[in-house]
Amino acid sequence: QVQLVESGGGLVQAGGSLRLSCAASGGPVSSYTMAWFRQAPGKEREFVAAKRRIVGTTYYADSMVGRFTLSSDNDKNTVDLQMNNLKPEDTAVYYCAAGWVPLSSQGRHNSYAHWGQGTQVTVSS
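Asker: Explain the nonpolar core to me, please; I cannot follow it from the model alone.
Answerer: Nonpolar side chains in soluble globular proteins tend to be buried together. Formed by 35 residues in total, the largest nonpolar core has its most connected members in Met34, Trp36, Leu81, Met83 and Tyr94. Only strand S3 (18–25), strand S4 (33–39), strand S5 (46–51), strand S7 (68–73), strand S8 (78–83), strand S9 (92–99) and strand S11 (119–124) provide two or more residues apiece to this core. When residues in this core are grouped by element, the largest group, five residues, is from S9.

Asker: How should the side chain of Gln106 be read in this particular structure?
Answerer: Among the secondary structure elements, Gln106 is positioned in the loop between S9 and strand S10 (114–115). Leave out the neighbours within four places in its chain, and Gln106 touches Phe37, Phe47, Ala50, Arg52, Tyr59, Val101 and Tyr112.

Asker: Where do I start with the environment of Ala92 in this structure?
Answerer: Position of Ala92 among the secondary structure elements: in strand S9. Sequence separation of Ala92 and Phe37 is 55 residues, and the distance between their C-alpha atoms is 9.5 Å. Those residues in contact with Ala92 that sit more than four places away from it in its chain are Arg38, Gln39, Ala40, Thr119, Gln120 and Val121.

Asker: Which parts of the structure should I look at to understand the state of the cysteines?
Answerer: Simply put, disulfide is the name for a covalent bond between the sulfur atoms of two cysteines. One pass over the structure, following the stated rule, counts one disulfide. In this model, Cys22 is linked to Cys96 through a disulfide, with the two sulfur atoms separated by 2.1 Å. Since a negative S-S torsion denotes a left-handed disulfide, the Cys22-Cys96 link at about -75 degrees is left-handed. Of this pair, Cys22 sits in strand S3 while Cys96 sits in strand S9, and the two are 74 residues apart along the sequence. Overall, the relative accessible area of 0% leaves Cys96 in the buried class.

Asker: What am I meant to see in the side chain of Asp90 here?
Answerer: The topology assignment puts Asp90 in the loop between S8 and S9. Given a relative accessible area of 1%, Asp90 falls into the buried group. Here Arg67 takes part through its side chain, which lies 2.7 Å from a polar atom of the side chain of Asp90. Once residues within four sequence positions are removed from consideration, Asp90 is found in contact with Arg38, Arg67, Phe68, Asn85, Val121 and Val123.

Asker: Mind showing me how you'd approach the sheet that holds strand S1 (residues 3–7) here?
Answerer: What holds strands together in a sheet is hydrogen bonding between their backbones, with the strands either parallel or antiparallel. Within the open sheet, the four strands sit side by side as S1-S3-S8-S7. Their pairing is antiparallel. Each end of this open sheet is capped by a strand with a single partner; those strands are S1 and S7. Strand-to-strand twist across the sheet, computed as the mean angle between neighbouring axes with direction ignored, equals 15 degrees. Taken together, the six bridges between S3 and S8 define a ladder with antiparallel strand orientation. Bridging across to S8, Leu18 finds its partner in Met83.

Reading the values: the criteria
Here the residue numbering is sequential within each chain, running from 1 through the sequence in written order. The predicted nature of this model means local features are confined to residues of pLDDT at least 70 and side-chain atom pairs, given and counted, to a pLDDT of 80 or more, with totals for whole chains, interfaces and linings taken over all residues. Each side-chain value is worked out from all heavy atoms of the structure, with water and hydrogens disregarded. Nonpolar cores were defined as sets of buried Ala, Val, Leu, Ile, Met, Phe, Trp, Tyr and Cys residues, with membership established by side-chain atoms within 4.5 Å. Per-residue accessibility, obtained with a 1.4 Å probe over protein chains only, is compared with the maximum for each type, and a residue is labelled buried under 20%, exposed over 50%, and partly exposed between these values. To qualify as a helix, a DSSP run of H or I must reach at least 4 residues; to qualify as a strand, a run of E must reach at least 2; elements of each kind are numbered from the N terminus. For this analysis, residues touch if any pair of their heavy atoms sits within 4.5 Å. We call a pair of cysteine sulfur atoms a disulfide when they lie within 2.5 Å. Here a polar contact means two N or O atoms within 3.5 Å. Within protein one must be a hydrogen donor candidate and the other an acceptor candidate, and residues neighboring in sequence count only if both atoms are side-chain atoms. Strands pair, by our definition, only if DSSP identifies at least two bridges between them. Note on definitions: angles span 0 to 180 degrees between N-to-C directions of axes, and those axes are lines fitted to C-alpha atoms, for helices only across the stretch in contact.

Shown next as structure tokens:
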């Protein structure tokens, strides 16, 4: 069973950048659809981005296109999320997720079987 550990969260000013990393153990990231979700206080867990297993195609939520980039390193067995031009509304706990997920449901958090503990991102205005 794959285990996921996120790192890289913190406090940043609006317009700044952060890079989150998700380290996987117990299985190769290349064999899973790997995704990032986020959850702000009082809100539902929200899809951020995902990278499909095998084909490697990457998908983003509309509000992240052009600002966030998901990448993976099979040698390090990590999945990173580079976040640029951060906005206060990006403030949330960011979670890494893994699963064998149909394309039609990759944006739903309950499609994923494996989760990290989350890392806090706070963007000040």
